[in-house]
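Examination of the molecular architecture
For reference, the chains in residue letters:
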Amino acid sequence: MTIYFGLGLDNDVQTFKKVQAGVRYAGANRVLAILETQMGFQGYPSGNEHLRIEQYRQVLTTHLETYPESFYRNSFLADQMATATEMLSRRDELLLSGWDFECEEKDLPKRLEVLGQLEQLIFVDLFNETIKLDNQITLSPGFSDRFCQILRHIEKRKNNITQIYTLEPFHILPNHFQRLFKLLKQEGTVVESIKQPKIEGDSDLAHFQTLLLPNNPRSKKTLKQDGSLLLLQCKRETDGADYIAKLLQKNPSWKPHILMTEKNRTLDTALIQEGLPSMGILSASLARPMLQIIKLAPTFLWNPVDPFKLMEFVNLKVKPLEEELANRIAQQLAQAPGIGGEGWAIMLKNYFDEVEAKAQNDNYINIGEIRKQYNFWFRRDRYSTSQRVPIEEVIEIYNYLKEWSFEAFEESGNRSQSLLVLSEQAKRIEELLNTLPEQSLSYLELERIIRTIYEPSPVAFRAQEVGFYPFVHHPAAFLEQVDELVWWNFSQSEPNHFFSRWYKKERAYLEHLGITLETPKEENARLIWQRSQPILHAKKQVILLMPEQVEGKKVHLHPLYSDLQAAFNDLAAITLNIDEPKEQAAFEKHFQLPKFEPLDAQQLGYPKPFFQIQNLNEYLKISQETYTSLDSLFYYPYQWILRYKTRLKKSSILSVVKDNTLLGNLAHRFFERLLKQENVTNWNKEQVEDWIDEQAKKMFGQEGAVLLMYGREPDKINFLNRLKYASWSLVSCLHNNGWQVKDTEMNLEGQFEDTDLKAKADLVLQRGDELAVVDLKWRGLRYREGLIKNQEDLQLVLYSKLIGNPEIWAHTSYFIIEKGRMIARNNQAFQEVQSIDTETAHSDMHDLILSRMNATYHWRKQQIEKGLIEVRCEQTVSTLQEAFEVHGLEGEHMDLLEMKSQDAPFDDYRVLINLIY
């Protein structure tokens, strides 16, 4: 068997060499697997690093009981998993370097002594090579343990590896591979390093290649512009991908090899869109929606619930919850972020009633399974974030996810690889949880465990297609020279190495024992060698794509760019900026370039004063209105027809409401419940505040969980203080003026001219034969005062008309909860209020406003009968009056409501009326 070995060959999906019998291409992990197969050491689990970290955490816990002042103690107390990860990597490094962890030697550095003590607590089960002691903790074998086992047995067990060719020079390989290959060489295996490609010719590329070789003198030259070296600049890597794909499509004879250091599908997607074959790129991303369930599942264990995470969960494309039920829950959460309130119960009842009715005619609907899914997630015990959750409940969740995702994978016909990845990661978490000695977990401990497992797993969204462009991901994965190379993206993506993990005293001690640890200098030398390989392996042409941003983040150019600047006097001659394609001479000699076709700027239209629609009156024969729809008809008729008649409405955004809306909704719910209490107007201040405190315990969890989240305690206290002040202000005002609560959220029905009208009043009061309507608002004191002052409180006037005796006008007022203030036209109903118009009786003013509403309504109906819909905004105000005169619709303006001269606030139809800035 012949092996081509390179440190960059493990992660590449394919190589440039063709498959040959008896020839294998391998990186570190593959060569270990080959040797284990050859020597009879198969059967070790792979992908078990998460278990090893947990097992080593237990080792550290046990060690600290005996040695509480160990050097890692403070780090361990801060983050156990992270400390275990780092300590385990140090242990593995020492093991690979050949140390036996003996602690008997003199002058043993303290940290090495601790690592030696930790090793005494470990039992690694490698085919029963050792006997486990009573005080030892099992550590699953990792790469280092398996590698050292190969080193111990390489002379005892035969293998049929005849030749090994290393891509990296022998002297820059990690020390443990140097030891391995020396032992194989002693057993008769030929071990050689592949020679570097020869540099031929005197092209721009050849000069750059010569400069990259070690010990060559540096000299600047003038570019020949022979096309062997070209630079493509762009703002974003997506733009570069589109340009490269178009370049390939326009030049079918050009078949470059591609180096792409990031595992994402940007370039592959661009190729597919141009009709080119897919490369079958594996995409590794933590942002994959399917994997978000891993992080979101624990949300259901804690109280208070995190409504933002719940919203993410129910909005996932694929989830263990019926789609329509998830949509209903999302809509409910958007308005009342919490679980179990009255609205929640109504939503559930309506949903299951509808599903049961559908199930009678559809055998595919499994109501039992839907209820089971809902109960599993939403009707489980939840624990305070200050408590610890029993570990069996966490295991239950991830076992459920594992089984559900695997079943969904099989039902999809094995098409959705992400489901299989999800199942595997859920399985890993379940395995780790089963190894924990603890019986419960804190919130932070569970989050840390999930973070340890949660990783981007490569998934192929589209298979390789015939004629695909060969590619590699690692710069040191080139097994032979290539004619043309595209380096996408030519940006800095290498790890940073700042300092050694080992002290000088520790290194000196180990070197005295004949053990050499790799230094940052040696790692850097290997990195420098690897980064030049793509350039050195190109024979005819290299194109470097240099984006300013990758995935929305600014990136630095690759370190080789400074070498490029040192090689030539002026790189502008071979550079094409695809965002500003001016000079293209260097490219035009060798390629048919994509043409840039600038789009002419189109002048946006202007709003016109009217829409004109034939037979409009026939089309709009709908008899029922609400105050909101009438308000639109009065002031902005185009909104009335688009929203309420043609039903052209924007879809609801399934996101948790903003704070002001949330506080307003919560305050309404508190007042609705408070004012339904018997004899509430006779309560004292202490009773009101005690009731609010008691209700808050349940209400926040059901409809305002946002305020229970970490860091929101001041906001919650501030809201409750405002609510208590406002509640007592309202209750005392009602008591002092002799009002009793007649109803809250009272449904109102009646007639407005020839139209049925429906409405809902927040609060209706009664005092003998008198009635009063109070509209509760969270904020907007000055705005509401302006409405009353300008005689624009149309909503209150309509409510006053619809309540009680049509001949007797009810009193009206606004109550601003945030300020705890009542606003009214006069003080006939509430003596304490600062009245706005004390000289006019409310009944007279209501008569005047209603008559104007009636006149405006008939005026608008005349327009509709003529097929006209007014478009009112700042740009049309000046032309509307002239248009009215043309159509004979000028009207008696003193009899109408005063029209607006501004654009409509919160307008969803600005695009449709050409009102765009």
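Here, every reference points to the structure presented above.
Residues numbered from 1 in each chain as written. Predicted model: local features only at pLDDT ≥ 70, side-chain atom pairs only at ≥ 80, totals over all residues. Heavy atoms only, no water.

1. Remarks on the overall build of the protein chain
The cut-off we apply is this: Only DSSP runs of H or I reaching four residues or more are called helices, and only runs of E reaching two or more are called strands; each is numbered from the N terminus. Taken over C-alpha atoms, the radius of gyration is set against a globule rule of 2.2 Å times the number of residues to the power 0.38. Classification of residues uses two cut-offs on accessible area relative to the type maximum, computed with a 1.4 Å probe and protein chains only: under 20% is buried, over 50% is exposed, and between them is partly exposed.
When helices and strands are counted, the protein chain shows 32 helices and 27 strands. Scaling as 2.2 N^0.38, a compact globule of 917 residues should have a C-alpha radius of gyration of about 29 Å, whereas the protein chain reaches 38 Å, well beyond that. Each principal axis of the C-alpha atoms in the protein chain carries an extent, and together these give about 115 × 75 × 60 Å. Considering the protein chain as a whole, with its 917 residues, one finds that 51% of them fall into the buried category.

2. Side note on the environment of A476
Just so we agree on the cut-off: Here a residue-residue contact requires only that any non-hydrogen atoms of the pair lie within 4.5 Å.
The residue A476 is located in the loop between β15 (471-472) and β16 (482-487) in this model. Note on A476: relative accessible area 2%, which makes it buried. Here the alpha-carbon distance between A476 and L9, two residues 467 residues apart in the chain, equals 7.8 Å. Sequence-distant contacts of A476, that is, excluding residues within four places in its chain, are made with G8, L167, E168, W529, Q530 and Q533.

3. Overview of the sheet that holds strand β1 (residues 2-5)
Operational definition: At least two DSSP bridges between two strands are required for those strands to pair. Geometry is summarised by axes, namely lines fitted to C-alpha atoms with helices restricted to the contacting stretch, and by angles between N-to-C directions that run from 0 to 180 degrees.
An order of β2-β1-β5-β6 is seen for the 4 strands of this open sheet, with the pairing classed as parallel. This sheet does not close on itself; its edge strands, each paired only once, are β2 (23-26) and β6 (190-193). This sheet shows a mean twist of 20° between the axes of neighbouring strands, independent of strand direction. Pairing analysis gives 4 bridges linking strand β5 (residues 163-166) to β6, with the strands arranged parallel. Opposite Q163, over in β6, you have V190 as the bridge partner. Across the sheet, helix α1 (residues 28-39) is in contact with β1 and β2; its angle to β2 comes to roughly 135°.

4. Describing the packing of aromatic side chains
So the rule is basically this: Here a pair means two rings of Phe, Tyr or Trp (six-membered ring of Trp) with centres within 6.5 Å. Their orientation is stacked below 30 degrees between planes, edge-to-face above 60, and tilted elsewhere. In our convention, an over-ring charge means Lys NZ or Arg CZ found within 6 Å of a ring centre and within 35 degrees of that ring's normal.
All chains considered together, the criterion is met by 34 aromatic pairs. Ring centres 5.1 Å apart and planes at 20° place the aromatic pair Y374 and F378 in the stacked group. Taken together, the residues Y374 and F378, both in helix α15 (residues 367-378) and 4 residues apart, mark about one turn of the helix. Taking the relative accessible area as the measure of exposure, Y374 reaches 4% and is therefore buried. Ring geometry for F406 and F409: centres 6.2 Å apart, planes at 40°, overall tilted. In this pair, F406 and F409 are both assigned in helix α16 (residues 391-411), 3 residues apart and thus about one turn of the helix distant. The class of F406 is partly exposed, set by a relative accessible area of 35%. Each member of the aromatic cluster is reached from another via a ring pair, and the members are F300, F313, W344, Y374, F376, W377, F378 and Y400. Directly above the aromatic system of F352 lies the positively charged group of R371, at a separation of 4.1 Å from the ring centroid. In this structure, K900 is placed above the aromatic ring of Y635, and the distance from its NZ or CZ to the ring centre is 4.7 Å.

5. Some details on the environment of L446
Within the secondary structure, L446 sits in helix α18 (residues 443-453). For the pair L446 and A829, spaced 383 residues apart in sequence, the C-alpha separation works out to 58 Å. With sequence-adjacent residues up to four places away left out, L446 is seen in contact with P298, L301, W302, V394 and L441.

6. Re the pattern of salt bridges
Which entries qualify depends on this criterion: The rule for a salt bridge is simple: a side-chain nitrogen of Lys or Arg has to be within 4 Å of a carboxyl oxygen of Asp or Glu.
Under the definition given, this model contains 57 salt bridges. A salt bridge links K716 to E713, with the shortest nitrogen-to-oxygen separation between them at 3.5 Å. Taken together, the positions of K716 and E713, both in helix α28 (residues 713-736) and 3 residues apart, correspond to about one turn of that helix. Taking relative accessible area as the criterion, E713 reaches 41% and is therefore assigned partly exposed. Beyond isolated ion pairs, a larger network of salt bridges with shared partners links E49, R52, R91, D92, E119 and D145.

7. A few points about helix α26 (residues 659-674)
Operational definition: Expected helix span is taken as 1.5 Å per residue step, with the number of steps being one fewer than the number of residues.
Taking 1.5 Å as the rise per residue, α26 with 16 residues should run 22 Å; its terminal C-alpha atoms sit 22 Å apart, in good agreement. The complete set of buried residues in α26 reads L662, L663, G664, L666, A667, R669, F670, F671, E672, R673 and L674. On its buried face, α26 sits against α14 (342-359), α27 (685-703), α28, β22 (740-752), β24 (770-777) and β25 (811-816).

8. With respect to a negative patch on the surface
Test applied: Without a salt bridge and with relative accessible area above 30%, a residue can belong to a patch; like charges are then joined within 9 Å and nonpolar side chains (Val, Leu, Ile, Met, Phe, Trp, Tyr) within 5 Å. Only the protein chains shown count as cover for residues, with accessible areas throughout obtained via the Shrake-Rupley method and a probe of 1.4 Å. Neither His nor the chain ends contribute to the count of charged residues, in which Lys and Arg are positive and Asp and Glu negative. A charged residue contributes its charge at one atom only: NZ of Lys, CZ of Arg, CG of Asp or CD of Glu.
On the surface, a cluster of negative charge is contributed by E369, E403, E407, E410 and E411. The dominant element in the negative patch, judged by the number of residues it contributes, is α16, at 4 residues. For E403, the location among the structural elements is in helix α16.

9. Concerning the packing of helix α6 (residues 143-153) against helix α7 (residues 175-186)
The condition that has to hold: Comment on the angle field: the value is read as roughly parallel under 35 degrees, roughly antiparallel over 145, roughly perpendicular from 65 to 115, and oblique elsewhere. Left-handed describes a crossing whose near helix is turned anticlockwise from the far helix through less than a right angle; right-handed describes the clockwise counterpart.
Between α6 and α7, the least distance of the axes is 10 Å, while the angle of their chain directions is 25°. Considering the angle they form, α6 stands roughly parallel to α7. Judged by the sense of rotation from one axis to the other, the crossing of α6 with α7 is left-handed. Two secondary-structure elements touch here, α6 through F143, F147, I150 and L151 and α7 through H176, F177, R179, L180 and L183.

10. Observations regarding the environment of S851
Considering the arrangement of structural elements, one finds S851 in helix α31 (residues 842-865). Judged by relative accessible area, which is 38%, S851 ranks as partly exposed. The spacing of S851 and L897 is 46 residues in sequence and 9.2 Å in space, taken between C-alpha atoms.

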